[in-house]
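The lines below spell out each chain.
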Amino acid sequence: MYFDKPPSEADMKDLKAEEKYKVWLREQYASTIFHLVDLLHHSNPSIQDLSLTTMMKFVEAEGQTPIRKITEHQTFPSRLFQKVFNKLLDDNTDMSRLWTKFQEYTEFDDVRFYVLTFLHSDLKHKKNQEVSDTYVKNVFSLLENLTFNSKPRKMLPGGEPRWLAKLPENEDVLKSRSVDEQKKLFSTVWLKFLRFKLNTSMYKRVLMMMHDKVIPNITSPLFLCDFLTDSYNIGGAISLLALNSIFILINNYNLDYPDFYKKLYALFDPIIFHAKYRARFFHLADLFLSSTHLPAYLVAAFAKKLARLCLTGPASGIRIAITFILNLLKRHPNCQVLLGRLDGPSEIPNDPYIFEETDPAKCKAMESYLWEIKTLQTHYCPEVVLAANKINHQLGQQEELLGDVLDLTTDELIEKECKRRKKETAINFIPPTGLFQSQNDKFSSCWTHIES
């Protein structure tokens with residue numbers, strides 16, 4: 001038996017006992033839903049999880065055996081699901097943990113469609129309103145855990161898409177809720193979200209997921225170019241994280257960004273050795289400089305600047321940088337002239353390289369030589385010395401795997417050195433030749449050796 005609204009007392013008098021029992025059951029069900037939704041904000045995480053799981057079981061049950069009248073256009077219990085959605089997208093309560101748990105339900109096409117539909121409507125409603133940081137965090141948690149499968153979707157028997165509720169009989173309804181339509185909503189929602197004021201932590205998380213979770217799933221990735229280029233121009237860690245997405249837009253979507261390598265060159269500063277995303281940066285920089293069609297002066301500029309930074313960098317960072325530089329020289333043989341001048345530096349009395357120059361075309365790197373690598377052959381760390389000594393031999397064409405050293409830390413270098421067996425251990429920087437015979441020996445000014 002179905003009622004759009006609870007029956008009045010007059011209507012109840014006319015009902016039979018069985019019908020009155022059904023009305024009572026509906027009232028108990030409504031009361032249960034009310035309390036379960038309220039428990040989504042409970043202080044105990046276990047109660048929150050159980051409440052969410054139970055509510056989604058109710059959504060599934062209503063989708064399979066509806067308690068309201070359904071049409072060929074509507075089989076999903078959107079009213080019930082919206083109660084859950086509104087509670088998870090609260091303005092004042094952080095629900096990011098529950099959105100992570102909710103991710104398993106977004107594998108269903110209909111759930112994902114209604115999540116995007118409700119979110120789009122909510123963001124549109126809040127367009128001219130000030131929103132709280134908690135609300136922004138909840139929206140981001142939703143988007144962060146909303147994924148589209150890159151592999152072919154799992155199908156039900158008969159080749160049907162995965163729906164939590166009954167599949168509608170109308171094919172037009174299926175098309176209107178298809179993955180392609182969902183991606184249009186996904187694109188609009190992301191563009192609206194990026195207009196919010198993001199704190200630094202969230203800004204970084206957005207950039208970290210942009211290249212693999214956002215760009216492949218929006219209808220026109222070039223819509224993101226303003227956001228990404230602005231991020232790339234900020235500098236520091238923000239620029240490092242924007243690198244990958246910018247390169248994808250240039251490489252795959254023909255974004256015209258003529259100053260890309262100039263901006264990349266500016267990112268090479270001492271902070272790259274100490275940044276949290278050091279391994280990611282070197283991996284991407286190696287990828288961006290992998291083309292053999294790059295001009296020699298540009299590659300030489302990157303190699304020279306990185307070599308100069310090595311003079312003040314930590315041992316683990318220097319080890320990565322030397323491998324990076326040697327790979328560049330192997331990849332671009334024209335740049336090996338920077339090594340050819342090492343044996344005859346008298347030809348260049350002063351290094352012409354201009355370290356402060358921001359334009360790689362004007363820094364005169366091709367006129368210089370890599371004396372910094374030669375200097376590193378006397379470094380205190382044996383691993384660095386071993387890597388720097390490779391310039392004394394023919395480089396060859398086989399590149400080293402940069403991935404083998406990207407995650408190297410100073411602690412690992414020290415531990416490796418401690419385990420190494422040594423035959424001789426130096427205790428003086430300058431080898432002694434006698435008791436008072438070393439140069440500038442201060443003992444000789446206080447003691448005189450008298451032969452008996």
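If you're wondering where the values come from, they're calculated on a predicted model, not measured in any experiment.

**What to know about the nonpolar core**
- Counting residues in hydrophobic clusters, the biggest one holds 129 residues, and the most contacted among them are Phe 81, Phe 102, Trp 190, Phe 193 and Val 206.
- If we ignore the near neighbours within four places in the chain, the residues touching Phe 81 are Met 56, Val 59, Phe 76, Phe 102, Val 111, Tyr 114, Val 115 and Phe 118.

**Considerations on helix H3 (residues 45-64)**
- Spanning 20 residues, H3 covers 29 Å between terminal C-alpha atoms, matching the ideal 28 Å at 1.5 Å per step.
- Residues Gln 48, Asp 49, Ser 51, Leu 52, Met 55, Met 56, Val 59, Glu 62 and Gly 63 constitute the buried set of H3. Down the axis of H3, the sector holding all buried residues measures 165°, keeping them to one side. Facing away from the buried side of H3, by more than 90 degrees, are the exposed residues Leu 50 and Lys 57.
- Two or three places before Ser 46, at the opening of H3, Asn 44 has a side-chain oxygen 2.9 Å from that residue's backbone nitrogen.

**A closer look at unusual backbone geometry**
- With a phi close to 60°, Asn 254 is a non-glycine residue in the positive phi region.
- Phi angles above zero are rare outside glycine, and Lys 364 is one such case at about 65°.
- Within the secondary structure layout, Lys 364 lies in the loop between helix H17 (337-340) and helix H18 (371-375).

**Examining the packing of aromatic side chains**
- Here the structure, examined in full by the defined rule, presents 33 aromatic pairs.
- For the ring pair Phe 76 and Tyr 114, a centre distance of 4.5 Å and an interplane angle of 10° mean the geometry is stacked. Note that Phe 76 is positioned in the loop between H3 and helix H4 (78-88) and Tyr 114 in helix H6 (residues 109-125), a separation of 38 residues in sequence.
- A residue is classified by how much of its surface remains accessible, and Tyr 114, at 6% relative accessible area, is buried.
- With a centroid separation of 5.9 Å and an interplanar angle of 50°, the aromatic rings of Tyr 114 and Phe 118 are classed as tilted. Linking Tyr 114 with Phe 118, this pair stays in helix H6, spanning four residues, or about one helical turn. Phe 118 carries the same exposure label as Tyr 114, and that label is buried.
- Among the aromatic residues, those joined into a ring-pair cluster are Phe 76, Phe 81, Phe 85, Trp 99, Phe 102, Tyr 105, Phe 113, Tyr 114 and Phe 118.
- It is Arg 162 that lies over the ring of Phe 108; its NZ or CZ is 4.5 Å from the centre.
- Looking at Lys 304, its charged tip hangs above the ring of Tyr 369, at a distance of 6.0 Å from the centre.

**Considerations on the environment of Ile 271**
- Mapping Ile 271 onto the fold places it in the loop between helix H13 (260-267) and helix H14 (278-288).
- A residue is classified by how much of its surface remains accessible, and Ile 271, at 45% relative accessible area, is partly exposed.
- Expressed as a C-alpha distance, the spacing of Ile 271 and Leu 309, which sit 38 residues apart in the sequence, is 9.8 Å.

**Describing the environment of Thr 117**
- Position of Thr 117 among the secondary structure elements: in helix H6.
- Counting along the chain gives 69 residues from Thr 117 to Phe 186, while the straight-line C-alpha distance between them is 9.1 Å.

What counts and what doesn't
Residues numbered from 1 in each chain as written. Predicted model: local features only at pLDDT ≥ 70, side-chain atom pairs only at ≥ 80, totals over all residues. Heavy atoms only, no water. Core = buried A, V, L, I, M, F, W, Y, C linked by side-chain atoms within 4.5 Å. Buried < 20%, exposed > 50% of the residue type's maximum accessible area, 1.4 Å probe, protein only. Contact = heavy atoms within 4.5 Å. Helix = DSSP H or I, 4+ residues; strand = E, 2+ residues; numbered from the N terminus. Expected span 1.5 Å × (residues − 1). Arc of directions from axis to C-beta. Polar contact = N/O pair within 3.5 Å; in protein donor to acceptor, adjacent residues only side chain to side chain. Phe/Tyr/Trp six-rings, centres within 6.5 Å; stacked < 30°, edge-to-face > 60°. Lys NZ or Arg CZ within 6 Å of the ring centre and 35° of its normal.

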